[in-house]
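Commentary on secondary and tertiary structure
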Amino acid sequence: MATNTQHGLGAQDEALLKRYSQVHMNVFGTPLRVMDHGQGCRLWDVDGNVYLDFLAGIAVNALGYAHPAWVKAVQEQAASMAHVSNYFATKTQIELAAKLVELSGAPAGSHVYFGNSGAEGNEAALKLAKLYGRTLPGSTTMFGGKPARIIALTHGFHGRTLGALSATWKPVIRKPYEPLLPGVDFVEVGDVNALRDEFCMTGSGPYAKGPVAAVIMELIQGEAGVRPVGADFVKAARALCDEHKALLIIDEVQTGIGRTGTWFAFQNEELSGGVVPDMITFAKGVASGFPMGGMIAFGDKLSKLFTPGSHGSTFAGNPLGASAAMATLETIERDHVLDNVRRRGEQLRAGVMSGGNPLFTGVRGAGLLNAIQLQHPCAHAAMEWALEHGLIVNAVAPDALRLAPPLIVTEAEVNEALSILNQIPCELPDD
Ligand SMILES: *Cc1c(COP(=O)(O)O)cnc(C)c1O
């Protein structure tokens, strides 16, 4: 396939985007194109232009588009029963929960809660952490204590529902909705002393705060520009949580389900330092395009703090989503996709660095969650240039391009992407 054809905005695209702006709430800005269909790692727009997709619906489409195993599972489930409510269980939902616990390596007695998005996975984690916080000494307001708190990190992203947003750092998306959840404090990424101080600010006296119920963090801050928080920091956080009986919640919404080369990023020593969390949340890649998310609580004791009525959602874990997720996990396992993720990731990072494009000053990430550091903040122009040359990438920060192709991307497709990336001109306008 030619890589230098033009892929500008066509007539159909333009007409439909005008209509979009008339009827769709303007929370995402103007979409880049109107997409029509996909196959494997490729997407076609309504004008018939074809793109190699190195964003995969923001790290969602693990199996790419229209994967036969996924399509078969969804079609069969849709023809059988799509939804039954949580007054009833389904075999697929039970198998999926067991599979996720198994893949996470969580101890016996660990339990899964299903939701419909990453934010909902984090809502569940935060609610469980709040229940846990009530069991800590010093959190009982009746005896002069203060409610237990949640510690989150600067640059962290956990979703846009009000609870998850409370733990999300970026001021422009958080501030307009304040006051948010009380008792959420932010600590600078990497600053172990600041984290220790938060644990020490508990007790009595006017400056005392409540005990810490949980620390929530990503291992690679995806939305912040694919920035690993660093294994040493994660280890220090784990040690402080242990010392003060707080929970460590790792948000694996973006990094989970094989994206970084292991089922979950915490299973990669280089990212976690071998730390085992108390909860993980997942979503994006889990059902390869079907909206699904959730949370795994490690261990029986923590899991059992949720009792009937504690939490729930109408659609949560419905058979259609569970089938899409089962097909995704089984395909990743059967086709040794995690090996591919590691190899293609290395190929991609090596190819970016050896390509000699003066615009690129570095590349970071793990597996197939990567970002190219740009020499000047022209990410939007670079993203547009790539799009017009048939490659979808994401301007994740003013000076960084995120590359997160489907996990099934081939060696040839990585080379094709590299040949476009390496031609992006250096002299582009800044954001
Ligand atoms: C995308 C993302 C979320 C939010 O997921 P939604 O499905 O958009 O609610 C939460 N945490 C992380 C780390 C994410 O990347």
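Residues numbered from 1 in each chain as written. Predicted model: local features only at pLDDT ≥ 70, side-chain atom pairs only at ≥ 80, totals over all residues. Heavy atoms only, no water.

Taking the numbering used here, the UniProt-annotated feature "binding site: N(2)-acetyl-L-ornithine" (unreviewed entry) corresponds to Arg160 and Ser313. Of the annotated positions named here, the second largest pocket is lined by Ser313. Looking at the secondary structure, you find Arg160 in the loop between β5 (149-153) and α6 (162-166). For Arg160, the residues in contact, after removing those within four places along its chain, are Ala119, Leu165 and Ile173. By secondary structure assignment, the location of Ser313 is in the loop between α11 (300-303) and α12 (319-334). Not counting chain neighbours up to four residues away, the residues in contact with Ser313 comprise Asn86, Tyr113, Asn116 and Glu120. (UniProt positions renumbered as here; feature names shortened; annotations may be inferred. 1 Å grid on protein atoms, 1.4 Å probe; cavity = no way out; pocket = protein on both sides within 12 Å on 5 of 7 lines; lining within 4 Å. Helix = DSSP H or I, 4+ residues; strand = E, 2+ residues; numbered from the N terminus. Contact = heavy atoms within 4.5 Å.)

Of all hydrophobic cores here, the largest spans 116 residues; its most connected members are Leu100, Met217, Met279 and Ile424. The biggest single contributor to this core is α12, with 7 residues. For this core, the two domains that each supply at least three residues are domain 1 (11-66 + 336-422) and domain 2 (71-335). Counting residues in hydrophobic clusters, the runner-up holds 6 residues, among them Leu43, Tyr51, Leu55 and Tyr65. (Core = buried A, V, L, I, M, F, W, Y, C linked by side-chain atoms within 4.5 Å. Buried < 20%, exposed > 50% of the residue type's maximum accessible area, 1.4 Å probe, protein only. Domains from an automatic or database assignment.)

Let's shift gears to the packing of helix α4 (residues 91-104) against α12. Contact geometry of α4 with α12 gives a least axis separation of 9 Å together with a crossing angle of 40 degrees. What the angle tells us is that α4 and α12 run oblique. Between α4 and α12 lies a crossing of left-handed hand. In this structure, α4 uses Thr92, Gln93, Glu95, Leu96, Lys99, Leu100, Glu102 and Leu103 to contact α12, whose residues at the interface are Ala322, Ser323, Ala325, Met326, Leu329 and Glu333. Within the contact of α4 with α12, the residues separate by chemical class into 7 nonpolar, 3 polar and 4 charged. (Axes fitted to C-alpha atoms, helices over the stretch in contact; angles between N-to-C directions. Parallel < 35°, antiparallel > 145°, perpendicular 65-115°, else oblique. Left-handed = near helix turned anticlockwise from the far one by under 90°. Nonpolar A, V, L, I, M, F, W, Y, C, P; charged D, E, K, R; others polar.)

What links the strands of a sheet is backbone hydrogen bonding, and the strands pair in either a parallel or an antiparallel sense. Read across the sheet, 7 strands follow the order β4-β12-β11-β10-β7-β5-β6 without closing on themselves; strand pairing throughout is mixed. Lying at the two open borders of the sheet, with one neighbouring strand each, are β4 (111-115) and β6 (184-187). Going across the sheet, the axis of each strand differs from the next one's by a mean of 20 degrees, ignoring polarity. Bridge count for β4 against strand β12 (residues 293-297) is 5 bridges, and the pairing is antiparallel. Residue pairing in the sheet places Gly115 in a bridge with Gly293 of β12. α4 rests against β4, β11 (279-282) and β12 of the sheet, and its axis sits at about 120 degrees to β4. Along the sheet face, helix α9 (residues 231-243) touches β5, β7 (212-217) and β10 (247-251) and points at about 165 degrees away from the line of β7. (Pairing = 2+ DSSP bridges.)

The environment of the ligand is formed by Ser117, Gly118, Ala119, Asn122, Phe157, His158, Gly159, Glu218, Asp251, Val253, Gln254 and Lys284. Here an oxygen atom of the ligand sits 2.8 Å away from a polar atom, N or O, in the main chain of Ala119. The separation between an oxygen atom of the ligand and a polar side-chain atom of Lys284 is 2.6 Å. For the ligand, the accessible surface in isolation is 380 Å², of which the surrounding protein chains cover 80%. (Near = heavy atom within 4 Å. Polar contact = N/O pair within 3.5 Å; in protein donor to acceptor, adjacent residues only side chain to side chain. Areas by Shrake-Rupley, 256 points an atom, 1.4 Å probe, with all protein chains shown as cover.)

Moving on, we come to the layout of surface pockets. Over the atoms, a rolled probe matching the size of one water molecule traces out where space is still vacant. Empty space within the second largest pocket amounts to approximately 610 Å³. Mapped by element, the contributors of at least two residues to the lining of the second largest pocket are α4, β4 and β12. Of all the elements, β4 adds the most residues to the lining of the second largest pocket, at 4 residues. Residues of the lining of the second largest pocket, tallied by class, amount to 11 nonpolar, 12 polar and 1 charged. (Points joined across faces, edges and corners; volume = space filled by probe spheres on them.)

Before going further, it helps to examine helix α5 (residues 118-133). For α5, with 16 residues, the first-to-last C-alpha span of 22 Å sits near the 22 Å given by 1.5 Å per residue. Counting buried residues in α5 gives 12 out of 16 residues, a clear majority hidden from the surface. Along α5, the residues that are buried comprise Gly118, Ala119, Gly121, Asn122, Glu123, Ala124, Ala125, Leu126, Leu128, Ala129, Tyr132 and Gly133. (Expected span 1.5 Å × (residues − 1).)

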